[in-house]
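# Topology and contacts: notes
Now for the letters of each chain:
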Amino acid sequence: MLLAIAIPVSAGMLSNASTPASSAITSHYGTAGLERVQRWQALITRLKGQSVTAQLAGVNDFFNQLGFVDDVNIWHQEDYWATPIEFLGVGRGDCEDFALAKYLTLLELGVPDDQMRLHYVKYVPYDQFHMVLSWAATPQQMPVLLDNINKTIAPATSRRDLIPIYSFNGSSLWTSTASGQEAPVGSSSHLSRWEDWQVRVRNGAMQSP
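Report on the accompanying structure. Predicted model only: the values in this text are computed from it and were never measured.

How each quantity is defined
- Residues numbered from 1 in each chain as written.
- Predicted model: local features only at pLDDT ≥ 70, side-chain atom pairs only at ≥ 80, totals over all residues.
- Heavy atoms only, no water.
- Helix = DSSP H or I, 4+ residues; strand = E, 2+ residues; numbered from the N terminus.
- Buried < 20%, exposed > 50% of the residue type's maximum accessible area, 1.4 Å probe, protein only.
- Contact = heavy atoms within 4.5 Å.
- Areas by Shrake-Rupley, 256 points an atom, 1.4 Å probe, with all protein chains shown as cover.
- Pairing = 2+ DSSP bridges.
- Core = buried A, V, L, I, M, F, W, Y, C linked by side-chain atoms within 4.5 Å.
- Expected span 1.5 Å × (residues − 1).
- Bend = angle between axes of the 7 residues up to and from the residue.
- Salt bridge = Lys/Arg side-chain N within 4 Å of Asp/Glu carboxyl O.

This brings us to the overall build of the chain. A tally of helices and strands in the chain yields six helices and nine strands. A buried classification covers 48% of the 209 residues belonging to the chain. At a minimum sequence separation of 6, the contacts of the chain that also span at least 24 residues come to 56%. Carbon and sulfur atoms make up 53% of the accessible area of the chain, which totals about 9700 Å².

Right, here's the structure in full:
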């Protein structure tokens, strides 16, 4: 039996997310897909109440077991932000799917939204765009990065292979300046893919590959 994911309300973003029935998940993604979703639910139960350090490590390791595949090879679209159910159902995805699934899971575990950001960066070795998740207890603390390329959680200053472009969370949007600082530019609701992803999470939407 699937547990209901009760996403904490954060700056008016995700709340009352709908968890699809087991039969619906199996219909879309087969028994293996359902088993991955159930392992995700078990992970959340196991990590509840643990330290943030343990939660970050557990969530990062769990999702980094899944395979990396470009959206066009799964969803036949150039850029599709899969929900965690879709990502787990298929068992593979691209960098946005890894980062978004980690973010949502940590929210469910009670990590405050204002301690996390989703960063759109350029990955220098391949000269390609990439997304990672960061966490910092306070704005003054050096954030650590959760990534599917470098699977070790590490301080942002150690990642010379990443060039920041912009970042966002449930309420705000920032752009990166030439000096390496971040400048607030308003609400993250300006990001249409982010808004669409939230709606699909809330509605329990599932797309088949």
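Further remarks concern the pairing of strand β8 (residues 172-176). The pairing of strand β7 (residues 162-168) with β8 spans three bridges and is classified as antiparallel. Considered in β8, the bridge of Phe168 is made with Leu173. Here β7 folds back onto β8, and the loop between the two strands holds three residues. In terms of strand pairing, β8 meets strand β9 (residues 182-187) through five bridges, oriented antiparallel. Paired with Ser176 across the bridge in β9 is Glu182.

Turning our attention to the nonpolar core. Of all hydrophobic cores here, the largest spans 48 residues; its most connected members are Phe63, Leu106, Leu118 and Trp194. If you list the elements that add at least two residues to this core, you get α1 (22-47), α2 (52-63), α4 (84-90), α5 (95-108), β3 (116-123), β4 (128-135), β5 (144-146) and α6 (192-203). With nine residues, α5 is the largest single contributor of residues to this core. In this structure, Val121, Tyr123, Leu145 and Leu162 belong to the second largest nonpolar core, which totals five residues.

All right, on to α5 then. The end-to-end C-alpha distance of α5 is 20 Å, a good match for the 20 Å that 14 residues give at a rise of 1.5 Å each. In terms of burial, α5 is a largely internal element, 14 of the 14 residues being buried. Trailing α5 by a residue or two, Gly110 shows a phi angle of about 100°, which is positive.

What follows covers the sheet that holds β4. Taken together, the seven strands give an open sheet; going across it, the order is β6-β5-β4-β3-β7-β8-β9, and neighbouring strands pair in antiparallel fashion. Either end of the sheet is taken by a strand with one partner, and the two such strands are β6 (154-155) and β9. In this structure, β3 lies alongside β7, joined through six bridges in antiparallel fashion. Across the sheet, the residue bridging to Tyr120 is Tyr166, located in β7.

The next point concerns α1. Here α1 is 26 residues long, yet its end C-alpha atoms lie only 22 Å apart, well below the 38 Å a rise of 1.5 Å per residue gives. The sharpest bend along α1 reaches about 125° and sits at Tyr29. Restricting attention to buried positions, one finds in α1 the residues Ile25, Tyr29, Gly33, Leu34, Arg36, Val37, Trp40, Gln41, Leu43, Ile44 and Leu47. In the core, the buried residues of α1 are packed alongside α2, α4 and α5. Backbone geometry just after α1 places Gly49 at a positive phi near 85°.

Moving on: the environment of Thr152. Relative to the elements of secondary structure, Thr152 occurs in the loop between β5 and β6. In this structure the C-alpha to C-alpha distance between Thr152 and Asn60, which are 92 residues apart in sequence, comes to 8.5 Å.

Overall, the coordinates contain eight salt bridges when judged by the stated rule. A salt bridge links Arg200 to Asp196; the nearest nitrogen and oxygen atoms lie 2.9 Å apart. With Arg200 and Asp196 both in helix α6 and four residues apart, this pair spans about one turn of that helix. Classification of Arg200 as buried rests on a relative accessible area of 12%. Ionic contacts of the salt-bridge type, sharing partners, join the residues Glu86, Asp196 and Arg200 into one network.

Everything listed here is a matter of coordinates, which is why it stays silent on function.
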